[in-house]
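# Structural description and commentary
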Amino acid sequence: MTAPTIPVAVLGGTGYVAGELLRLLAGHPVFRVAAAGSTSQEGEPVRGAFPHLAGTAVDGLRFESTLELARRFEPDAPFGVFTATPHGATAALVELLLTAAEAARARVRVVDLSADFRYPDAADYAAVYGHAHDAPARLEAFHCSLPEQLRGKPPVHAVQPGCFTTAVTLGAWPFYALDLVEGSLFAAAVTGSSGSGRSPGAGTHHPERHSDLRAYSPLVHRHEPEVRRLLGLGRDGPAPEVELVPCSGPFVRGIHATLRLTLRTPTPAAELVTRVNDFYAPSPFVRASVESPRLTEVVGTNRARLGLTTRGRTLVVTAVIDNLIKGAAGGGIQWMNRLFDLPDDAGLTLGGLGWY
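For the structure given in this document, a descriptive report is provided here. (Residues numbered from 1 in each chain as written. Predicted model: local features only at pLDDT ≥ 70, side-chain atom pairs only at ≥ 80, totals over all residues. Heavy atoms only, no water.)

Assigned secondary structure in the protein chain consists of 10 helices and 14 strands. Taking 356 residues into account, the globule formula puts the C-alpha radius of gyration at 21 Å, and the protein chain, at 20 Å, falls close to it. If you line up the protein chain on its principal axes, its C-alpha atoms span 60 × 50 × 45 Å. By residue count, 51% of the 356 residues in the protein chain fall in the buried class. When the accessible surface of the protein chain is summed, it comes to about 15,000 Å², and 53% of that surface belongs to carbon and sulfur atoms. (Helix = DSSP H or I, 4+ residues; strand = E, 2+ residues; numbered from the N terminus. Rg over C-alpha atoms; globule rule 2.2 N^0.38 Å. Buried < 20%, exposed > 50% of the residue type's maximum accessible area, 1.4 Å probe, protein only. Areas by Shrake-Rupley, 256 points an atom, 1.4 Å probe, with all protein chains shown as cover.)

Listed below in structure tokens is the structure:
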């Protein structure tokens, strides 16, 4: 007998994250891509936007409207929806879909990869993004953190934090959670050009970044308050101060983050590596060592690698992830796996690209 599958849909049109979701889901052992949504490409073949997916399980799909997708919901039937739509446009789509799901009595679960549900309070969202939230009544149903920060299942829906937030938080979280450090966090993180999305702009278009390196939005990037909020989860006192300096790198995929923290007491790096690996033992994806990791270790995978160095009370953590996978699509699939009681690594046991 064929094992039962769970239908899922990907909203996000022709974006890089949507494309990565479709690529990863094409090989998932349980999830079956039932639909891909796009407002600008409705009716067009998915392989037209993503020719590299020809011959996979998603070949033959055409982009649908959100209303068409909502008609797929069936009473008492599970359905997963990934939203990789632009910030500010997602909340209204989620409101439409969840209203339709309630009317159909379908068991719909949403994993949001935009920024629209990353803050539990509408006022906090408005303060960061400069406009009112379009579905404030839905916020309490969404849980936002890294999968590694929650030892269990989100109550209803889940949100994957931003890619910078993922890299920096994975590197810093165990030290704050174990009360090994004090004071603020400084992080400088270099991201590839795919993090700027598929539409080229001045300063983000790859020819403008090639053979170049520059900082942008230092100390004011919108992921800085995200990191602060996540590092404050479960703490008795206030969240630590965070200083984030994002940098634009001359490569396509990946994030390399360098973090500086202050240890409460001087501790050898090897001892901290043991503590961190014990802390992340439930996760199949995060590992630390005393060696500095390279992007080629993780690009094309859902893995994160951490390198630890100490001198006195100074701790330096280098963290590397693939921004499109661990920082977006792969983290989102981790959450959807958990929402449907599947192992975190279902569909995500990927080997790296090695050369690209």
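With that settled, consider the pattern of salt bridges. This structure, assessed with the given rule, holds 16 salt bridges. Put simply, R313 and E182 hold a salt bridge, and the shortest N to O gap is 2.2 Å. With a gap of 131 residues between them, R313 in the loop between strand 13 (304-311) and strand 14 (314-321) and E182 in strand 8 (residues 181-191) connect regions that are remote in the sequence. You can call E182 partly exposed: its relative accessible area is 31%. Through salt bridges with shared partners, a single ionic network connects E20, R23, R253 and D322. (Salt bridge = Lys/Arg side-chain N within 4 Å of Asp/Glu carboxyl O.)

To continue, consider the nonpolar core. Membership of the largest hydrophobic core comes to 75 residues, with the highest contact counts inside it found for F82 and L185. Ranked by residues supplied to this core, first place goes to helix 6 (residues 163-177) with nine residues. If we skip the residues at most four places from it in the chain, F82 touches V8, A9, V10, L11, L21, L25, V111, L113, G332, I333 and M336. Counting 24 residues, the second largest nonpolar core, distinct from the first, contains A34, A91, L139 and F142. (Core = buried A, V, L, I, M, F, W, Y, C linked by side-chain atoms within 4.5 Å. Contact = heavy atoms within 4.5 Å.)

You will see that D179, though not glycine, has its phi angle at about 60°, which is positive. One can find D179 in the loop between helix 6 and strand 8. Backbone geometry at L219 places phi at a positive 70°, although glycine is not the residue there. For L219, the position within the fold is in the loop between strand 9 (214-215) and helix 8 (223-231). A residue is classified by how much of its surface remains accessible, and L219, at 46% relative accessible area, is partly exposed.

This part takes up the packing of helix 6 against helix 9 (residues 269-279). Packing of helix 6 against helix 9 brings their axes to within 10 Å, and their N-to-C directions diverge by 95°. Compared by their axis directions, helix 6 and helix 9 come out roughly perpendicular. Touching W173, P174, F175 and A177 of helix 6 are L272, V276 and F279, all from helix 9. Of the residues belonging to the contact of helix 6 with helix 9, the class tally is seven nonpolar, no polar and no charged. (Axes fitted to C-alpha atoms, helices over the stretch in contact; angles between N-to-C directions. Parallel < 35°, antiparallel > 145°, perpendicular 65-115°, else oblique. Nonpolar A, V, L, I, M, F, W, Y, C, P; charged D, E, K, R; others polar.)

So, on to the side chain of S65. On the secondary structure map, S65 appears in the loop between strand 3 (63-64) and helix 3 (66-70). Its relative accessible area of 17% is what places S65 among the buried residues. Ignoring sequence-local partners within four residues, the contact set of S65 consists of S38 and E42.

Think of a sheet as strands paired side by side through backbone hydrogen bonds, with each pair either parallel or antiparallel. On the basis of which strands lie adjacent, the open sheet formed by seven strands has the order 3-2-1-4-5-7-6 and parallel pairing. Pairing within the sheet leaves two strands with one partner each, and these edge strands are strand 3 and strand 6 (142-144). In this sheet, strand 4 (residues 78-83) lies alongside strand 1 (residues 6-11) in parallel orientation, the contact comprising four bridges. The residue of strand 4 that forms the bridge with A9 is V81. Set on the sheet, helix 1 (residues 16-25) makes contact with strand 1, strand 2 (31-37) and strand 4; between it and strand 1 the angle comes to about 160°. Lying on the sheet, helix 4 (residues 90-104) is in contact with strand 1, strand 4, strand 5 (107-112), strand 6 and strand 7 (157-159); it crosses strand 5 at an angle near 170°. (Pairing = 2+ DSSP bridges.)

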